[in-house]
Amino acid sequence: MKTKKLLFILNPRAGRNKPHGPLFDALAILSGAGYLIRIHETSAPGDAADTAAREGAGYDLVVAAGGDGTLNEVISGLMRLDAPPPLGYLPQGTTNDFASSLQIPRTPASAAKNIVQNRMRELDIGRWNERSFIYVASFGAFTRSSYAASQAAKNALGHFAYILEGMKDLNTLRPYHIRLTADGEVLDGDYLFGAVCNSTSIGGLMKLDPERVVLDDGKFEMLLVPSPKTAADLQNLVLALLNQQYDSQGLVFRHVSSLRLETEEELPWSLDGEYAPSVPVVDIVNRQRALRMLL
C-alpha cells in the first residue's frame, strides 16, 4: 500500500468537554488506510489558516478537526494555494452547520470511515472581499452571537449559548440601511438581518429546504429580513421565519452568484461564525466547485 501524507489540523479548544478516545479511533482509521499523519494543534486564531496555507501543498490530504470556525480557517488557508489538496472534516464544535448540510457524521470514527472511502465532492466556496467562507456570511440581528459566545459557554451549553448571547442583542436590535446589488437586481432599504449562505442550516436554528440548496451550483441562497414598519409586520416576519416560509411577503429570498453591499453604517459581519469587521463595501462572489472534499 502506497503511503500517503495527511495533515491533521486539530483545534483542541473545540468540544473540549468531549472525550479524546473517539479522535484516536478516527486517527487509527486514517492511518490504517495508508496515511502517514502529522498532527498540528492550533494555538491561536489564524493558526489553522496559516498552517494550511504554509504546509498544505505538501500533503495528499488535509483533515480539519474542530468546529465551523476551524473549518473556515483551514479552507481559507487552502484557498491561498494554486492547487489545494482534498479536505476531510471531523466535526467537533457546537453547531457544525456545514457538517449537517453535508450529512457528515458527528462521531469521529464514522466521519473518518467516510473520508477513507475516497468519495470526492466538489463544493462552492464564498469569497467575502479577500476572505473565504464555506457556508454563511451574515450581518445584523443575532449575527454577533455566533462569534461573541465564549468557547466555554459553547462547550457547556451548546445551542443555548447562542440563544443566550442573541438575547443580549434584543435591546440593540435596529435596522441597517444598505444598498445591495445581486446579479443585477438592486435593493435599497433598511434591513434587520441578512445572510448569504450555501448551507441548509444557519446557526443551528434557521433551516433551509435541502431541495432548494445545491452546494455546487455556483449559487448562494440570500435571505434579507427587512425592518418592519408596524407591529403586524413584525409578527408576520417572525411567523415566516419560524415556519421557514422564506418566500413569504416581506422577506427577500434569492439564489445569487455574486453581490455587492454598500453601507455608510457600522455593520459587522460573521463569516462561518467568525468575526469580520465593518467595511463600507463588501463584494461576495461564489467560487464554483473550488474545494474538493472527501465525504
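Residues numbered from 1 in each chain as written. Predicted model: local features only at pLDDT ≥ 70, side-chain atom pairs only at ≥ 80, totals over all residues. Heavy atoms only, no water.

S.K.: Explain the overall build of the protein chain here, please?
M.R.: Assigned secondary structure in the protein chain consists of nine helices and 17 strands. With 295 residues in all, the protein chain has 51% of them scored as buried. Here the contacts in the protein chain between residues at least 6 apart in sequence split such that 74% fall between residues at least 24 apart. When the accessible surface of the protein chain is summed, it comes to about 13600 Å², and 52% of that surface belongs to carbon and sulfur atoms. (Helix = DSSP H or I, 4+ residues; strand = E, 2+ residues; numbered from the N terminus. Buried < 20%, exposed > 50% of the residue type's maximum accessible area, 1.4 Å probe, protein only. Contact = heavy atoms within 4.5 Å. Areas by Shrake-Rupley, 256 points an atom, 1.4 Å probe, with all protein chains shown as cover.)

S.K.: Can you help me understand the pairing of strand β3 (residues 61-66) in this one?
M.R.: For a regular strand, the rule is simple: side chains alternate between the two faces of the sheet. Of all six residues in β3, six are buried, a share of seventy percent or more. What you see with β3 is no split at all: Leu61, Val63 and Ala65 on one side and Val62, Ala64 and Gly66 on the other are buried throughout. As paired elements, strand β1 (residues 4-10) and β3 share five bridges and run parallel to each other. What sits directly across from Ile9, in β3, is Ala64. (Pairing = 2+ DSSP bridges.)

S.K.: Honestly, the pattern of salt bridges in this entry has me stumped. Any pointers?
M.R.: Note on pairing: side chains with opposite charge can pair once their charged atoms come close. The tally for this structure, following the rule as stated, stands at eight salt bridges. For Glu55, the salt bridge goes to Arg38, with nearest N and O atoms at 2.7 Å. Separated by 17 residues along the polypeptide, Glu55 in helix α2 (residues 47-55) and Arg38 in strand β2 (residues 35-41) bring together distant segments of the chain. One salt bridge in this structure joins Arg254 and Glu185, with 2.9 Å as the shortest N-O distance. One end of the pair, Arg254, is in strand β13 (residues 252-256); the other, Glu185, is in strand β9 (residues 185-197), with 69 residues separating them in the sequence. By relative accessible area, Glu185 is classed as partly exposed at 29%. Ionic contacts of the salt-bridge type, sharing partners, join the residues Arg38, Arg54 and Glu55 into one network. (Salt bridge = Lys/Arg side-chain N within 4 Å of Asp/Glu carboxyl O.)

S.K.: Is there a simple way to think about the confidence of the model for the protein chain in this case?
M.R.: The predicted coordinates of low-pLDDT regions are not to be read in fine detail. Looking at the protein chain as a whole, its pLDDT mean stands at 85, while 84% of the residues score no less than 70. At the low end of the mean pLDDT range in the protein chain sits helix α8 (residues 159-167), at 41; at the high end sits strand β14 (residues 258-262), at 98. Considering only residues more than four positions removed or in separate chains, one finds that residues 145-149, a stretch of pLDDT under 50, has 18 contacts. The low-confidence segment residues 153-171, where pLDDT is below 50, has 36 contacts with residues more than four positions distant or belonging to other chains. (pLDDT = per-residue confidence, 0-100.)

S.K.: Would you mind going over the packing of aromatic side chains with me for this structure?
M.R.: In this description, an aromatic ring pair is defined by two values, namely the gap between the centres and the angle between the planes. This structure, assessed with the given rule, holds three aromatic pairs. Their ring planes at 65° and their centres at 5.8 Å tell us that Trp128 and Trp269 sit as a pair that is edge-to-face. Remark: Trp269 occurs in strand β15 (residues 269-271) and Trp128 occurs in strand β5 (residues 120-128); sequence separation between them is 141 residues. Judged by its relative accessible area of 1%, Trp269 falls in the buried class. Ring pairs connect the aromatic residues Trp128, Phe139 and Trp269, which therefore count as one cluster. The ring of Tyr59 carries the charged tip of Lys5 above its face, separated from the ring centre by 5.0 Å. (Phe/Tyr/Trp six-rings, centres within 6.5 Å; stacked < 30°, edge-to-face > 60°. Lys NZ or Arg CZ within 6 Å of the ring centre and 35° of its normal.)

S.K.: Hey, could you run me through the packing of α2 against helix α3 (residues 68-78) in this one?
M.R.: Running from N to C, α2 and α3 cross one another at 30°; their axes reach a closest spacing of 7 Å. With respect to α3, the axis of α2 lies roughly parallel. You can see that α2 and α3 cross each other, and the crossing is right-handed. For the pair formed by α2 and α3, the contact residues are Asp47, Ala48, Ala49, Ala52 and Ala53 on the first element and Glu73, Val74, Gly77 and Leu78 on the second. Each residue belonging to the contact of α2 with α3 can be placed in one class, and the counts come to six nonpolar, one polar and two charged. (Axes fitted to C-alpha atoms, helices over the stretch in contact; angles between N-to-C directions. Parallel < 35°, antiparallel > 145°, perpendicular 65-115°, else oblique. Left-handed = near helix turned anticlockwise from the far one by under 90°. Nonpolar A, V, L, I, M, F, W, Y, C, P; charged D, E, K, R; others polar.)

S.K.: I keep staring at unusual backbone geometry and nothing clicks. Help me out?
M.R.: In this structure, Asn129 takes a positive phi of about 50° despite not being glycine. You can see Asn129 is positioned in the loop between β5 and β6 (131-133). Positive phi, normally seen in glycine, also occurs at Arg289, with a value near 55°. When you line up the elements, Arg289 lands in strand β17 (residues 281-294). Residue Arg289 is classed as partly exposed on the basis of its relative accessible area of 43%.

S.K.: What exactly am I supposed to notice about the side chain of Asn11 here?
M.R.: Relative to the helices and strands, Asn11 is located in the loop between β1 and α1 (21-32). Among the polar contacts listed, one links the side chain of Asn11 to the backbone nitrogen of Arg13, at a separation of 3.0 Å. Each residue touching Asn11, except ones within four places of it in the same chain, is listed here: Thr42, Ala65, Gly66 and Thr70. (Polar contact = N/O pair within 3.5 Å; in protein donor to acceptor, adjacent residues only side chain to side chain.)

S.K.: What should I look at first to understand the side chain of Ser132 in this one?
M.R.: Checked against the element boundaries, Ser132 lands in strand β6. Those residues within four positions of Ser132 in sequence are excluded, and the remaining contacts are Asn72, Ser76, Met79, Ile125, Gly126 and Arg287.

S.K.: Even after reading the chapter, I still don't get a nonpolar patch on the surface, so can you show me in this structure?
M.R.: Residues Leu234, Val238, Leu239 and Leu242 make up a contiguous nonpolar surface patch of roughly 360 Å² in combined accessible area. As for its position among the elements, Leu234 is in helix α9 (residues 231-242). Looking at Leu234, the relative accessible area reads 41%, which means it is partly exposed. (Patch = residues over 30% accessible without salt bridge, like charges linked within 9 Å, V, L, I, M, F, W, Y side chains within 5 Å.)

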